[in-house]
Amino acid sequence: MAVIDLRSDTVTQPSAGMRDAMASAPLGDDVYGEDPTVNRLESWLAEHLGFAAALFVPTGTMSNLLGLMAHCERGDEYIVGQQAHTYKYEGGGAAVLGSIQPQPLDNQADGSLDLEQVAAAIKADDFHFARTRLLALENTMHGKVLPLEYLAAARALTRERGLNLHLDGARLYNASVKLGVDAREITSHFDSVSVCLSKGLGAPVGSVLCGSDAFIGKARRLRKMVGGGMRQAGLLAAAGLYALEHQVQRLSEDHANAAALGQALAELGFDVEPVQTNMVYVQLGDRAQSLKALCAERGIVLSAAPRLRMVTHMDVTSAHLDQVVSAFAEFGVR
Ligand SMILES: *Cc1c(COP(=O)(O)O)cnc(C)c1O
């Protein structure tokens, strides 16, 4: 029985073309800066996203951590969403390893942070307070795309108040494909951006942090410190380059699949949140566990959360989703 895994877009298998690209990639020792494929990936993304430099790292968690630590010193503070990955899902790394204090604010329904609340949370220059240095946003946020005008307003506020602006762009390309704009139109508002290659783009491993030369120089030192300096890493970077060159525009298929799934479940009477990109959220309350069990018997892998998240990706077809809709129909609304 084919397994249909909707838990995340991290579960994809490398495509045949990607495996070929990995097998034939020229390699060197990246800690010496000598891996031509890593160097090509870093310069490709820096150029495409409009930054002076970039750094290849094993995970998005490390990329965000290095970004936060390169922007903030001990005793500094960053403003971040309560639901943001950097705050909630990265083991508190910025606080544990960077001595950086988070100032979390509630996310708005559209995934943004209210900029009046952000402005009010910026601390005065007073030795009682941590030094507020950075605002970190996430895009997409739970599958929602932050509007470009919002990004421009966040840029204006942070510039006026002397803060840096970081983007956790794990799913940056889902946002750009959804908006139909070049990714650079999003990233141009930020001082630094972290992009995941191992989500919807379909690479097995890897993220890239982008920023100024000085910022990436600092992040490169920190990457060595936390054990992220890899050797013939071009084997992995080749997968990322292949993803960027061949698997970006197809994200629109994931978005169309998610929209169709959301609509079909809503027609069955399920409480489905509006779908923007590749995530479908359904309110299941205390029935999540039993739905998960029923789907497991039909080769469908789900998480078991009261607010169930289903994520479409390149290994999920519309035929698979017909099977998912059938399973939901069988389960029924109470
Ligand atoms: C997946 C993800 C990350 C990084 O995750 P890793 O598993 O460490 O690569 C960061 N931010 C967001 C929003 C993510 O979804």
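Computed from a prediction, not measured in an experiment: that's the story for all the values here. (Residues numbered from 1 in each chain as written. Predicted model: local features only at pLDDT ≥ 70, side-chain atom pairs only at ≥ 80, totals over all residues. Heavy atoms only, no water.)

J.: Outline the site of the ligand, listing residues and values.
T.: As a matter of local geometry, the ligand sits amid Thr-59, Gly-60, Thr-61, Asn-64, His-85, Glu-90, Glu-138, Asp-168, Ala-170, Arg-171, Cys-196 and Lys-199. The contact in question runs from an oxygen atom of the ligand to an N or O atom on the side chain of Arg-171, over 2.9 Å. Isolated, the ligand exposes 380 Å² of accessible area, and the fraction of that covered by the protein chains is 82%. The greatest single-element share of the shell around the ligand, amounting to three residues, is contributed by helix H3 (residues 60-71). (Near = heavy atom within 4 Å. Polar contact = N/O pair within 3.5 Å; in protein donor to acceptor, adjacent residues only side chain to side chain. Areas by Shrake-Rupley, 256 points an atom, 1.4 Å probe, with all protein chains shown as cover. Helix = DSSP H or I, 4+ residues; strand = E, 2+ residues; numbered from the N terminus.)

J.: So, the pattern of salt bridges: which residues are in play, and what are the values?
T.: A side chain with one charge can pair with a side chain of the opposite charge if their charged atoms come near. With the rule as written, the count across this model stands at 15 salt bridges. In this structure, Asp-29 and Arg-231 form a salt bridge, with 3.2 Å as the shortest nitrogen-oxygen distance. Note that Asp-29 is positioned in the loop between helix H1 (16-23) and helix H2 (36-49) and Arg-231 in the loop between helix H10 (213-225) and helix H11 (234-246), a separation of 202 residues in sequence. Residue classification places Asp-29 among the buried positions, given a relative accessible area of 15%. A relative accessible area of 36% places Arg-231 in the partly exposed class. Note that Asp-76 is salt-bridged to Arg-133, the shortest N-O span being 3.1 Å. Here the residue Asp-76 occupies a position in strand E3 (residues 76-81), and Arg-133 occupies one in strand E5 (residues 131-138), the gap between them amounting to 57 residues. A relative accessible area of 0% places Asp-76 in the buried class. (Salt bridge = Lys/Arg side-chain N within 4 Å of Asp/Glu carboxyl O. Buried < 20%, exposed > 50% of the residue type's maximum accessible area, 1.4 Å probe, protein only.)

J.: Could you give an account of the state of the cysteines, with specific residues and numbers?
T.: Taken as a whole and assessed by the stated rule, the structure comprises zero disulfides. Between Cys-196, a cysteine without a disulfide, and Cys-210, which holds the nearest cysteine sulfur, the sulfur-to-sulfur distance is 12 Å. (Disulfide = S-S within 2.5 Å.)

J.: Break down the domain arrangement of the chain for me, citing the residues and quoting the values.
T.: Each assigned domain of the chain is listed with its residue range as follows: domain 1 (15-246) and domain 2 (250-331). Spacing between the C-alpha centres of domain 1 and domain 2 amounts to 29 Å. Carbon and sulfur atoms make up 55% of the surface buried where domain 1 meets domain 2, a total of about 1200 Å² over both sides. One can count zero salt bridges joining domain 1 with domain 2. Counting the contacts that link domain 1 with domain 2 gives five residue pairs in polar contact (both at pLDDT 80 or more). Tallied by class, the residues present in the side of domain 1 that touches domain 2 amount to four nonpolar, seven polar and three charged. (Domains from an automatic or database assignment. Buried area = accessible area lost by both parts, 1.4 Å probe. Nonpolar A, V, L, I, M, F, W, Y, C, P; charged D, E, K, R; others polar.)

J.: With reference to specific residues and values, describe the environment of Gln-249.
T.: One can find Gln-249 in the loop between H11 and helix H12 (251-267). Gln-249 sits in the exposed class, given a relative accessible area of 60%. Through-space distance from the C-alpha of Gln-249 to that of Val-177 is 6.7 Å; in sequence the pair is 72 residues apart.

J.: Tell me about the packing of aromatic side chains, and please be specific about residues and values.
T.: Ring pairs (aromatic) are described by centroid distance and by the angle formed between their planes. If you walk through the whole model with that rule in mind, you get one aromatic pair. For the ring pair Phe-270 and Phe-328, a centre distance of 5.1 Å and an interplane angle of 80° mean the geometry is edge-to-face. Of this pair, Phe-270 sits in the loop between H12 and strand E9 (271-272) while Phe-328 sits in helix H14 (residues 318-331), placing them 58 residues apart in sequence. Under the relative-accessibility criterion, Phe-328 is labelled buried at 0%. One cation-aromatic arrangement involves Arg-307 over Tyr-281; the distance from NZ or CZ to the ring centre is 3.8 Å. (Phe/Tyr/Trp six-rings, centres within 6.5 Å; stacked < 30°, edge-to-face > 60°. Lys NZ or Arg CZ within 6 Å of the ring centre and 35° of its normal.)

J.: Please provide a residue-by-residue account of the side chain of Lys-144, values included.
T.: Tracing the backbone through its elements, the reader meets Lys-144 in the loop between E5 and helix H7 (148-160). Of the side chains with opposite charge, Glu-273 comes closest to the buried, unpaired Lys-144, at an N-O distance of 4.4 Å. Among the polar contacts made by the side chain of Lys-144, one reaches the main-chain carbonyl oxygen of Ala-109 at a distance of 2.9 Å. Beyond its immediate stretch of four places on either side in the chain, Lys-144 contacts Ala-109, Asp-110, Gly-111, Asn-139, Glu-273 and Gln-276. (Lys, Arg positive; Asp, Glu negative; His and termini not counted. Contact = heavy atoms within 4.5 Å.)

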